Amino acid sequence: MSERDVSPRNVNLPFKPRTIVIVLVVLAIVAGALSSFYMVDQSEQAVVLTFGKFSRITGPGLNMKVPFGIEKNYNVPTQIIQTMPFGYRTERPGLETIYSSGEYPEESLMLTGDLNIIDVQWAIQYRIVDPRAWLFNVEYKEQTIRDISQSVLNVLVGDRTILSVLGSERSNIAQQAQILMNKNFDLYGLGIQVTTVQLKNIVPPKGEVQNAFEDVNKAEQDMERLINEGLEEYNREIPKARGQAAQAIQIAEGYAAERVNQARGDVARFLSVYDEYKEAKEATRSRLYIEMMEEIFSKSQETDLIDRGLDNFLPLKNLQGGTQ
Amino acid sequence: MKKLVVVLAVLAVIAILFIAAGPFYVLQEGEQAVVTRFGAIVNTNITAGLKFKMPVVDTVVKYPKKILSWDGNPQRIPTAENQFIWVDTTARWKITDPDLFYASVTTITNAFARMDDVIDSSVRTIVAENLLREAVRNSNYINTVPEVPETVIKDPEGNVIEIEVAVGEEQRFFENVEKGRQRLSEEMFDRAVQVIPQYGIELVDIIIRQIRYSDDLTASVYNRMITERNKVAQRYRSIGEGQKVEWLGKLDNEKRSILSRAYETSEQIRGRADAEATRIYAEAARVDAEFYEFWRSIESYRKTLPQFRKTLSTDMDYFQYLHSMNGN
């Protein structure tokens, strides 16, 4: 019994050592099996390291590796276009993207070549093209991308006048920025490719300066409005004047035709009468005279006729006038 | 059987202890390591993989082999013309000589402190030696880009008004820069690079991330921008006023000349007609002047007499038979 007390061999173990070993081995096998598979998403590529040394790059799907941490996989989203904003931040992307109201002058304020100040917001889009380079060449990747992007935009804006940055050079800046950024990133072996540089808001500094710039736009509108007013007046009046001119000429033409035709008519009538008159001068003459008088008297009833022998006519006339 | 289990267990414990003590270590891609034994460097590893070291006595110090960033605080520096600007620079660097790095600075934090001194001073020196435009601009590209006016305005004669000249934005000439920002960065780099290698560090580049005016300078620049814009706005409005008045003047001019030309033409037409009529009547008169006069007179009486208030004497040819059947 004393032997039983001191010797562990005689203790009634809940499991036999054999069972423990088997359990351990099974656990090891399960752990090994689990750690020898890894998944790679369709949008990713995986870089596999064997004892920290680069071994291979694998594509999407279920892949195998040597278990127990001997091989490690690092998944890199190589198909996803990533966006990085400068001078603004996106709060919640969506159908109507909400932008954070914060301002980032330390990113967006720049000096232009004519020593003015301008506020530029932009975004870059990039894709990781070389996952191995992306993982192992540069330490502070995001910071590096931000630094280069900012520096490149500063250089490009610094080489142009504020007006051309606001206007004609906009697309050129975006193009140049993409080229220069890619050149720098290639130099560092960052393993990314900038696919687009989008210039967002380019505005003069907020407040009074911006108001002054807007006032120029307004002034430009005012200028066009004033010119149009003048032009409108001109377009309203000149055709009218042309019409009036044409009218005056038409009236004159009418007068001319009337005058000449009348003369022709008068003369024709005279000549016809004259032809007859030649035949019997005295008779025609007195007939014409009498006809004329007849016409005059028959048209007017208020003619006073005074006898040639009457000496004092006036009182009578007055009396008659008074009774009316 | 039980003996075997004990032996196995002991072996396993020893193996675990051995591995835990660490004769092996893994050096990842992008890492490098200095192995020290009692403080002295015994080995340097710069390639990735499974590495061996003496357990217990050896210590492994890992450093990144990647390109690292250095981000300085913006500095307020006067340029050669004594204008104060904030210059924000960053640099990229890497540890190229881990032994030397271990010996001279040991930690990355220390390295940053050393670089702050070196790079800040070289940035300060170079900026202070150069004019503002050398730091702001990179090239003379600015003089090749036309400052195009946004609108094309035509005057009443159809000539395009040269807005750019008119608004005081004529193609300005900017003093050429001799070096430009890129060159300044390189000069900063050249200065810094003379000092940096003694820390086992290789500088990749120094870049100017941002240049800003100091606050008081910003205020005066804002004022200048505002007055410039006001001038331009004023100019646009004056052009508008001027053009409007010009249009109205052109209107008045054309209207008058159109109407007076019409008057001239119509009077000519009338005159010609009058002449023609006169000629026609004269022709008739020539046939028999005396009769024509008589004819014309009775025609005229016919027209005019009925309108008069008449008091006639019977002492007229017409009434000759009124007093006597033989006339008179």
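Above this text you will find the structure in question.
In what follows, the accompanying structure is described.

**Quick look at the side chain of Asn63 of chain A**
Residues and elements named next belong to chain A.
- Secondary-structure assignment places Asn63 in strand 4 (residues 61-64).
- Look at Asn63 and you get buried, because its relative accessible area is 16%.
- Polar contacts involving the side chain of Asn63 include one to the main-chain carbonyl oxygen of Gly59, which spans 3.2 Å.
- Each residue touching Asn63, except ones within four places of it in the same chain, is listed here: Ser36, Phe37, Tyr38, Val40 and Thr58.

**A look at the sheet that holds strand 3 (residues 53-58) of chain A**
All names here are of chain A.
- The strand order across the open sheet built from 3 strands is 3-2-5, with neighbouring strands paired in antiparallel fashion. Here the strands that pair on one side only, and so sit at the sheet edges, are strand 3 and strand 5 (71-76). The sheet shows a mean angle of 25° between the axes of neighbouring strands, taken without regard to direction.
- The sheet contact formed by strand 2 (residues 45-50) and strand 5 spans 6 bridges and is antiparallel. Bridge assignment links Thr50 to a residue of strand 5, and that residue is Glu71.

**A look at the interface of chain B and chain A**
- Facing the 112 residues of chain B at the interface are 116 residues of chain A.
- With both sides pooled, the region where chain B packs onto chain A buries about 10,600 Å², and carbon together with sulfur makes up 66% of that total.
- Inspection of the chain B/chain A interface yields 11 salt bridges.
- One salt bridge in this structure joins Lys244 of chain B and Glu229 of chain A, with 2.7 Å as the shortest N-O distance.
- Ranked by residue count, the leading element in the side of chain B that touches chain A is helix 7 (residues 215-287) of chain B, at 39 residues.
- Split into classes, the residues belonging to the side of chain B that touches chain A amount to 58 nonpolar, 20 polar and 34 charged.
- Here strand 12 (residues 304-306) of chain A runs beside strand 12 (residues 311-313) of chain B; their pairing, made up of 3 bridges, is parallel. When the sheet's bridge partners are listed, Asp304 of chain A is paired in strand 12 of chain B with Thr311 of chain B.

**Quick word on helix 6 (residues 180-195) of chain B**
- The terminal C-alpha atoms of helix 6 of chain B, which comprises 16 residues, lie 24 Å apart, in line with the 22 Å expected from a rise of 1.5 Å per residue.
- For helix 6 of chain B, the full list of buried residues reads Gly180, Arg181, Leu184, Ser185, Glu187, Met188 and Ala192 of chain B.
- Here the buried face of helix 6 of chain B lies against helix 5 (141-158) of chain A together with helix 3 (108-129), helix 4 (132-136) and strand 11 (201-213) of chain B.

**Here we look at the sheet that holds strand 2 (residues 31-37) of chain B**
Residues and elements named next belong to chain B.
- Strand order in the open sheet made by the 3 strands is 3-2-5, with antiparallel pairing throughout. Both outer strands of the open sheet, strand 3 (40-45) and strand 5 (58-64), are each paired with one neighbouring strand and no more. Shown here is a sheet whose adjacent strand axes are inclined to one another by a mean of 25°, direction ignored.
- As paired elements, strand 2 and strand 5 share 7 bridges and run antiparallel to each other. When the sheet's bridge partners are listed, Glu31 is paired in strand 5 with Pro64.

**With respect to the nonpolar core**
- Ranked by internal contacts, the top residues of the largest apolar core, which has 82 residues, are Trp122, Ile124, Leu153 and Met181 of chain A together with Trp93 of chain B.
- When neighbours within four sequence positions are excluded, Ile124 of chain A is seen to be in contact with Gln82, Thr83, Met84, Phe86, Ile145, Ser149, Met181, Val194, Thr196 and Val197 of chain A.
- By size, the runner-up hydrophobic cluster in this structure holds 27 residues, among which are Val267 and Ile296 of chain A together with Ala277 and Phe291 of chain B.

**Section: unusual backbone geometry**
Residue and element names in this part refer to chain B.
- The phi angle at Phe38 is positive, at roughly 50°, despite the residue not being glycine.
- The residue Phe38 is located in the loop between strand 2 and strand 3 in this model.
- Classification of Phe38 by relative accessible area gives exposed; the value is 70%.
- Even without a glycine there, the phi angle at Asn82 is positive, about 65°.
- Tracing the sequence through the fold places Asn82 in the loop between strand 7 (75-78) and strand 8 (84-95).
- Judged by its relative accessible area of 54%, Asn82 is exposed.

Reading the values: rules and limits
- Residues numbered from 1 in each chain as written.
- Chains lettered and ligands numbered in written order.
- Predicted model: local features only at pLDDT ≥ 70, side-chain atom pairs only at ≥ 80, totals over all residues.
- Heavy atoms only, no water.
- Helix = DSSP H or I, 4+ residues; strand = E, 2+ residues; numbered from the N terminus.
- Buried < 20%, exposed > 50% of the residue type's maximum accessible area, 1.4 Å probe, protein only.
- Polar contact = N/O pair within 3.5 Å; in protein donor to acceptor, adjacent residues only side chain to side chain.
- Contact = heavy atoms within 4.5 Å.
- Pairing = 2+ DSSP bridges.
- Axes fitted to C-alpha atoms, helices over the stretch in contact; angles between N-to-C directions.
- Buried area = accessible area lost by both parts, 1.4 Å probe.
- Salt bridge = Lys/Arg side-chain N within 4 Å of Asp/Glu carboxyl O.
- Nonpolar A, V, L, I, M, F, W, Y, C, P; charged D, E, K, R; others polar.
- Expected span 1.5 Å × (residues − 1).
- Core = buried A, V, L, I, M, F, W, Y, C linked by side-chain atoms within 4.5 Å.

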